[in-house]
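# Breakdown of the fold
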Number of protein chains: 2
Amino acid sequence: MATTFLPFPPPGPKAELEEGEALTPRFGPDGLVTCVTTDADTNELLMVAHMNADALARTLETGEAWYWSRSRRELWHKGATSGQVQALVEMRVDCDQDALWLRVRVAGDGGCCHTGRRSCFYRIVERTGGQVLLRAD
Amino acid sequence: MATTFLPFPPPGPKAELEEGEALTPRFGPDGLVTCVTTDADTNELLMVAHMNADALARTLETGEAWYWSRSRRELWHKGATSGQVQALVEMRVDCDQDALWLRVRVAGDGGCCHTGRRSCFYRIVERTGGQVLLRAD
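This text gives an overview of the structure that appears in the document. The model shown is predicted, which means the values in this text are computed figures rather than measured ones.

## As for the pattern of salt bridges
Residues and elements named next belong to chain A. Overall, the coordinates contain 27 salt bridges over all chains when judged by the stated rule. For Asp54, the salt bridge identified is with Arg58, shortest N-O distance 3.0 Å. One end of the pair, Asp54, and the other, Arg58, are both in helix H2 (residues 53-62), four residues apart, so they sit about a helical turn from each other. Taking relative accessible area as the criterion, Asp54 reaches 24% and is therefore assigned partly exposed.

Written as structure tokens, this is what we have:
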């Protein structure tokens, strides 16, 4: 699977990277790019994850989000076991092509976080009286 | 400056990390956490950047976004020269505390990207006929 889009071309000069039409991801030394995933309708931030070239190719091939799990060190078809599959509505890339933005619709119960919440960002960082505390939203 | 919040406590066990009230950022081997910055009103994704402990402390202290510039290897008060200062409306942290979400209002001309655009994510990744092309939005 996912052979159509591999390998991605190597990044070119700055002008091509920033203004060109070619997707040339700048994978880091660990082979990963950062991936920001939001709800396609509300733009609510759901999660931040990582993709290697294979995960990115599979995401483009299938229209569903695949990531690289750094903790398990394996490809991760999001929702394969939980049913929380992320259907890709739109993918964007940033100026220097080291980050991707996935706008998705989440299947199953609509959750994203392994703690059971809809979003991984369920705590607000609050400054009160010189202290920092986390407050659940 | 920014001595109030330093150092951040070291990350505790999983239960505290995920459900506790303490901000205990899990800085990576490079000393950085990923930071996702969105428009506070629309949640539009503006940029993805990184913070070290000092940048995070300064952001909490001043209510304006500070990052660590990986390319310049220096602290970066966003907007200090461009006027595109990011006033912090809300900060959130994710389940395992290795990513931050900044909801901001951008001063100056409202831009974020060094190319002059409002957002760094100005190109859509399109799949057409087995090919991948970037299209400006």
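Still to come is the rest of the account.
## Observations regarding the relation of the copies chain B and chain A
Structural alignment of chain B on chain A gives an RMSD of 0.0 Å, achieved by rotating through 180 degrees and translating 0.0 Å along the axis. Viewed as a symmetry operation, the transformation between the two copies matches a two-fold axis. Among all residues of chain B, the minimum C-alpha distance to the rotation axis is found for Asn43(B), at 2.8 Å. Taken as a fraction of all interface residues of chain B, those also at the interface in chain A reach 100%, which identifies the copy contact as same-surface.

## What to know about the interface of chain B and chain A
Facing the 50 residues of chain B at the interface are 50 residues of chain A. Counting the surface chain B buries against chain A, the share from its top three residues, Phe121(B), Arg123(B) and Arg127(B), is 15%. There are six salt bridges connecting chain B and chain A. Its salt-bridge partner being Asp137(A), residue Arg92(B) comes within 2.7 Å of it at the nearest N-O pair. On inspection of chain B and its partner chain A, the count reaches 32 residue pairs in polar contact (both at pLDDT 80 or more). Mapped onto the side of chain B that touches chain A, the elements with two or more residues apiece are helix H1 (14-19), strand E1 (33-39), strand E2 (45-51), helix H2 (53-62), strand E5 (86-93), strand E6 (99-106), strand E7 (123-128) and strand E8 (131-136) of chain B. With five residues, H1(B) is the single largest residue contributor to the side of chain B that touches chain A.

## Thoughts on the environment of Arg127(A)
Residue placement: Arg127(A) occurs in strand E7 (residues 123-128). Distance in space between the C-alpha atoms of Arg127(A) and Thr4(A) is 49 Å, their sequence separation being 123 residues. Discounting residues that sit within four places of it in the chain, Arg127(A) has contacts with Val132(A), Phe5(B), Thr59(B), Leu60(B) and Gly63(B).

Procedures and definitions
Residues numbered from 1 in each chain as written. Chains lettered and ligands numbered in written order. Predicted model: local features only at pLDDT ≥ 70, side-chain atom pairs only at ≥ 80, totals over all residues. Heavy atoms only, no water. Salt bridge = Lys/Arg side-chain N within 4 Å of Asp/Glu carboxyl O. Helix = DSSP H or I, 4+ residues; strand = E, 2+ residues; numbered from the N terminus. Buried < 20%, exposed > 50% of the residue type's maximum accessible area, 1.4 Å probe, protein only. Least-squares fit on C-alpha atoms with pLDDT ≥ 70 in both. Contact = heavy atoms within 4.5 Å. Buried area = accessible area lost by both parts, 1.4 Å probe. Polar contact = N/O pair within 3.5 Å; in protein donor to acceptor, adjacent residues only side chain to side chain.

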